[in-house]
Amino acid sequence: MAPQIAPKTFTFINEHCIVAISDKGQFFFYDQKNETSKMFHEDLDFRAYPVLKANRFMLAAGNMNGVLLIISHYDSFKPLKLKICDSKIVSLYLHQDDSSRAYAFLFIGEKKLLLYLVIDFLSENVEITEQREILLPSDFFVTSLYFSIETFLVFLGSRNGSIMAYDVSKSTAALVSFYEKLHGDDAVTSLAITNTEKLLTVYSVGRDGVFSATQLRPPSSPEKSWVFDKVHSSRITRGWLEKIEIVDDTIYLCGFFDKEFFIFNETKNYHVFKIACGGAHRLWNVHIPNLNLVDFRFGYIRKQRIQLVSKTFNPDRKVLNDILQEPYHCLETRVARIFSMNEVTLVATGGENGVLTFHHILKNVGSSKRITSCRKHTGSIRAIGVISNLSNQNGLLFSGGSVQELKCWRIELSNSSLETENVRMSCNELSSANLCSESVDTRVMDLDAIISITDTQMILVATVNSDTSVVLWCYNVEHNSFTKIDVSHKHLRCLLKCKTLSVTIGNHNRILLFTAGTDGKVILWDISENKLQSVSEWTPHQSGIKALSVAEKNGTIFVLSGGDDNAIVLTTINLQSLSSSCVELDTIRIENGHSSSITGCAITKNLQIITCSIDQRLSVRNMDLQLLSETYIDIADVSDLSILSDFICVVGFGMQIFKIK
């Protein structure tokens, strides 16, 4: 471009070519590979603040007077110029399908109007065959747009951090869903989508430096609307995130921080490229042609020049580092729950970093694979409860931890074949419970969940807290809401463990709750009538109980416990005696079950006892507490144990899975 001509805007066509508009309304085509430049069009109407978009077939430009110009940079058709409106075209978005048709969206900021145009190529001419108007809310200023040609849904991001979706498949555009303040009060700068197995995932970035993923879910009934479910949110930078590019299932995020432009690989979590360019620019562009960034281009306007940055990688060189093993919690893991959904064995873990992580146990391979994680807790996660049998592929998970947080999540499998390792799972937060104590220092130490015997749409969630309280919640599956129905402070010390058990006494189904704390005491409750009714209590330990497991077989309830006194205690209860005023208890005790505190225990279906301890030993005993076998645990600071069928999951500073032979 000649020195006396200043560029006003530009865009990339491919890795070698750009198109620019000057302050004199001249349209230039520049080929960097051949180092050639030519002016192919001139229009004085586009000399001031034009907007420009291009693809491999055509170029579209808008100006301050509402004029739209459609032109070919290869002279393949005659230019089309028409006046769309009387106001400034603030932004323009262009999408091309595989046929001879393009879709354009023009945002008219003054009128809060979005124009939807269908552009058809007819031999040597172009023609606008459809034009529709979408009137936006008065406070919605479009800053980003993505159009899904497969679903005819257009997604809009606003200056105030919200996103919305419209269906433009019919003559009148219809609002599908709206997510307010997804990025707080900062602008949503870029959107992208993936559409797999009828699950539409919308990715967004904003000026808050956050990368978010939301899923657009269809309504459960005709009278309800589509909803956005946030499934992931992570802060990538303290600066701005400005663009999302998805290349071969790899997500690249582009942004500015500390006077640098950077590209971040979100899929594998590392910075690919950085350059000190002076910071955010009024007009810039980037072109990422392939996964390995071969012939990558970055350009920006500075000092009345288009500054181009080229980074050519060797296509035979691996730019993306292979991950040998996915990262774990990095901090101590507090709790693990192993469960099965649709014949797929999964492990949910939570720890000090507040991240809920899911692993798939590969039965044929004999290993585990991390499939997803969610960060919603503000502090550590200490308790997890799972209801996995709600429907064929859906379940509910409850998690609790510091600052009295109690959350409910919907877990859903989208591919549950036993022969494949690529199990996909989504975990979406449904509801949070209100605070149950005036002190924010109160922690949920443990919880358990069970379906109510009076209503299958109600789930009883029992939590034990650090303020000595036992709280019974009722979770409504239909309305996704928690209701606190009863509280007891019968324990006088901090509580550590709780377990629920469904039994049949005579012809009546009952739900029992067992709670244990630092006082070494176990209390048995009846919660069948949706309230806490104390049935019996005993003190099996001299100090805190850190491990608790219950089971029932042939009219006998087995309560297994372990604690800081290194003792393992098995208490048996006559099931029929629960209906009388005198509960029959019998206790078997071994003083030195382990050489350190016992942190996990379980009773298998064939009535074997599994225990683990800080001494990094995993023990298997019979119901007389006689040692059958023992093995060493490779992870330190063992904190919890969970079993399912013949799998044993142990967590601490890491996770280890055993299989019972």
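Residues numbered from 1 in each chain as written. Predicted model: local features only at pLDDT ≥ 70, side-chain atom pairs only at ≥ 80, totals over all residues. Heavy atoms only, no water.

J.: Can you walk me through the overall build of the protein chain in this structure?
T.: Summing up its helical and strand segments, the protein chain has zero helices and 54 strands in all. Taken across its 661 residues, the protein chain has 56% of its residues classed as buried. For the protein chain, the exposed surface amounts to about 29100 Å²; the carbon and sulfur share of it is 45%. When the 65 basic and 71 acidic side-chain charges of the protein chain are each reduced to a single mean position, those positions are 5 Å apart. (Helix = DSSP H or I, 4+ residues; strand = E, 2+ residues; numbered from the N terminus. Buried < 20%, exposed > 50% of the residue type's maximum accessible area, 1.4 Å probe, protein only. Areas by Shrake-Rupley, 256 points an atom, 1.4 Å probe, with all protein chains shown as cover. Lys, Arg positive; Asp, Glu negative; His and termini not counted. Charge placed at Lys NZ, Arg CZ, Asp CG, Glu CD.)

J.: Looking at this structure, I do not really get the sheet that holds strand β44 (residues 545-553). What am I missing?
T.: Note: strands within a sheet are paired through backbone hydrogen bonds, in either parallel or antiparallel orientation. Pairing is antiparallel across the open sheet formed by four strands, whose spatial order is β44-β45-β46-β47. Each edge of the sheet is formed by a strand with only one pairing partner; in this case those strands are β44 and β47 (585-590). Pairs of neighbouring strands in the sheet enclose a mean axial angle of 15°, with direction left out of account. (Pairing = 2+ DSSP bridges. Axes fitted to C-alpha atoms, helices over the stretch in contact; angles between N-to-C directions.)

J.: Teacher, can you tell me more about the side chain of Arg132 here?
T.: Within the secondary structure layout, Arg132 lies in strand β12 (residues 125-135). The class for Arg132 is buried, based on a relative accessible area of 15%. Of the polar contacts made by the side chain of Arg132, one reaches the backbone oxygen of Val168; its length is 2.4 Å. There is a polar contact of 2.5 Å between the side chain of Arg132 and the backbone oxygen of Lys170. (Polar contact = N/O pair within 3.5 Å; in protein donor to acceptor, adjacent residues only side chain to side chain.)

J.: How should the environment of Thr250 be read in this particular structure?
T.: As for its placement among the helices and strands, Thr250 is situated in strand β22 (residues 250-257). Taking relative accessible area as the criterion, Thr250 reaches 9% and is therefore assigned buried. Separated by 290 residues in sequence, Thr250 and Pro540 place their C-alpha atoms 55 Å apart. Setting aside residues up to four positions removed in sequence, Thr250 forms contacts with Glu245, Asn265, Thr267 and Leu291. (Contact = heavy atoms within 4.5 Å.)

J.: Is there a simple way to think about the state of the cysteines in this case?
T.: Throughout this description, disulfide means a covalent bond between two cysteine sulfur atoms. Within the structure shown, the criterion is met by zero disulfides. We note that Cys612 lacks a disulfide partner, and the nearest cysteine sulfur, in Cys601, lies 8.2 Å from it. The buried category is assigned to Cys612, whose relative accessible area is 0%. (Disulfide = S-S within 2.5 Å.)

J.: Explanation requested: the packing of aromatic side chains in the structure shown.
T.: Two numbers describe a pair of aromatic rings. These are the distance of the centres and the angle of the planes. Taken as a whole, this structure holds 24 aromatic pairs when the rule is applied. Plain terms: the ring middles of Tyr116 and Phe147 are 6.2 Å apart, the flat faces sit at 50° to each other, and that makes the pair tilted. Of this pair, Tyr116 sits in strand β11 (residues 113-122) while Phe147 sits in strand β13 (residues 142-148), and the two are 31 residues apart along the sequence. For Tyr116, a relative accessible area of 1% corresponds to the buried category. Residues Phe398 and Tyr475 carry aromatic rings whose centres are separated by 5.4 Å and whose planes lie at 80° to one another, so their mutual orientation is edge-to-face. (Phe/Tyr/Trp six-rings, centres within 6.5 Å; stacked < 30°, edge-to-face > 60°.)

J.: What am I meant to see in the pairing of strand β52 (residues 640-644) here?
T.: Consecutive side chains along a regular strand alternate between the two faces of the sheet. As paired elements, β52 and strand β53 (residues 647-652) share five bridges and run antiparallel to each other. Counterpart to Leu644 in the pairing with β53 is Phe647. Between β52 and β53, which pair antiparallel one after the other, the connecting turn spans two residues, and Ser645 there sits at a positive phi close to 55°.

J.: Sorry, what's going on with the sheet that holds β12 here?
T.: The four strands are arranged β9-β10-β11-β12 in an open sheet whose pairing can be described as antiparallel. The open sheet has two edge strands, β9 (89-96) and β12, and neither has a second partner. Each strand axis lies, on average, 20° off the axis of its neighbour in the sheet, ignoring direction. Alignment of strand β10 (residues 101-108) against β11, held across eight bridges, turns out to be antiparallel.

J.: Would you explain the nonpolar core in this entry?
T.: Across soluble globular proteins, nonpolar side chains have a tendency to be buried as a group. Residues Met58, Leu68, Ile70, Ile84, Leu106, Leu117 and Ile119 are the most contacted members of the largest nonpolar core, which totals 22 residues. Sorting the residues of this core by element identifies β7 (67-71), β9, β10, β11 and β12 as the ones contributing at least two each. With five residues, the single largest contributor to this core is β11. Here Leu68 is in contact with Ala60, Ala61, Leu80, Lys81, Leu82, Ile84, Leu92, Leu106, Leu117 and Ile128, once residues within four sequence places are set aside. (Core = buried A, V, L, I, M, F, W, Y, C linked by side-chain atoms within 4.5 Å.)

J.: Is there a simple way to explain the confidence of the model for the protein chain in this structure?
T.: Parts of the model with low pLDDT should not have their predicted coordinates read in detail. Confidence along the protein chain averages 87 in pLDDT terms, with 93% of residues attaining 70 or more. This model gives residues 317-324 a pLDDT under 50, and the stretch forms 13 contacts once residues within four places in sequence are excluded. (pLDDT = per-residue confidence, 0-100.)

J.: How should I be thinking about the environment of Ala104 in this particular structure?
T.: Turning to its location among the elements, Ala104 is positioned in strand β10. Residues Ala104 and Leu117, spaced 13 residues apart in sequence, show a C-alpha to C-alpha distance of 5.1 Å. When sequence neighbours within four positions are dropped, the list of residues in contact with Ala104 reads Tyr93, Leu94, Leu115, Tyr116, Leu117 and Ile119.

J.: Can you walk me through the pairing of strand β3 (residues 26-31) in this structure?
T.: Counted residue by residue, β3 has five buried out of six residues, so it is predominantly covered. Across five bridges, the pairing between strand β2 (residues 17-22) and β3 is antiparallel. Within β3, the residue paired with Ala20 across the bridge is Phe28. From the end of β2 to the start of β3, which pair antiparallel, there are three residues, and Gly25 there has a positive phi angle of about 75°. The pairing of β3 with strand β4 (residues 36-42) spans six bridges and is classified as antiparallel. Of the residues in β4, the one forming a bridge with Phe29 is Lys38. Between the end of β3 and the start of β4, which pair antiparallel, lie four residues, with Glu35 showing a positive phi angle near 55°.

J.: Just checking my understanding: could you explain unusual backbone geometry for this structure?
T.: The phi angle of most residues is negative, glycine excepted, and most peptide bonds adopt the trans form. Positive phi, close to 65°, is recorded for Asp249, a residue that is not glycine. By the element assignment, Asp249 lies in the loop between β21 (240-247) and β22. One non-glycine residue with positive phi stands out, namely Thr468, at about 75°. Inspection of the secondary structure assignment puts Thr468 in the loop between β37 (458-465) and β38 (470-476). The exposure class of Thr468 is buried, given its relative accessible area of 17%.

J.: What's the story with the pattern of salt bridges in this structure? I'm lost.
T.: Side chains that carry opposite charge are capable of pairing whenever their charged atoms lie near each other. In this structure the tally under the stated criterion is 19 salt bridges. Of the charged contacts in the structure, one is a salt bridge between Glu245 and Lys243, with a shortest N-O distance of 3.6 Å. A residue is classified by how much of its surface remains accessible, and Lys243, at 23% relative accessible area, is partly exposed. A salt bridge links Arg334 to Glu352; its shortest N-O distance comes to 2.5 Å. Here Arg334 is found in strand β28 (residues 333-341), whereas its partner Glu352 is found in the loop between β29 (344-351) and β30 (355-362), with 18 residues between them in sequence. By relative accessible area, which is 29% here, Glu352 ends up partly exposed. (Salt bridge = Lys/Arg side-chain N within 4 Å of Asp/Glu carboxyl O.)

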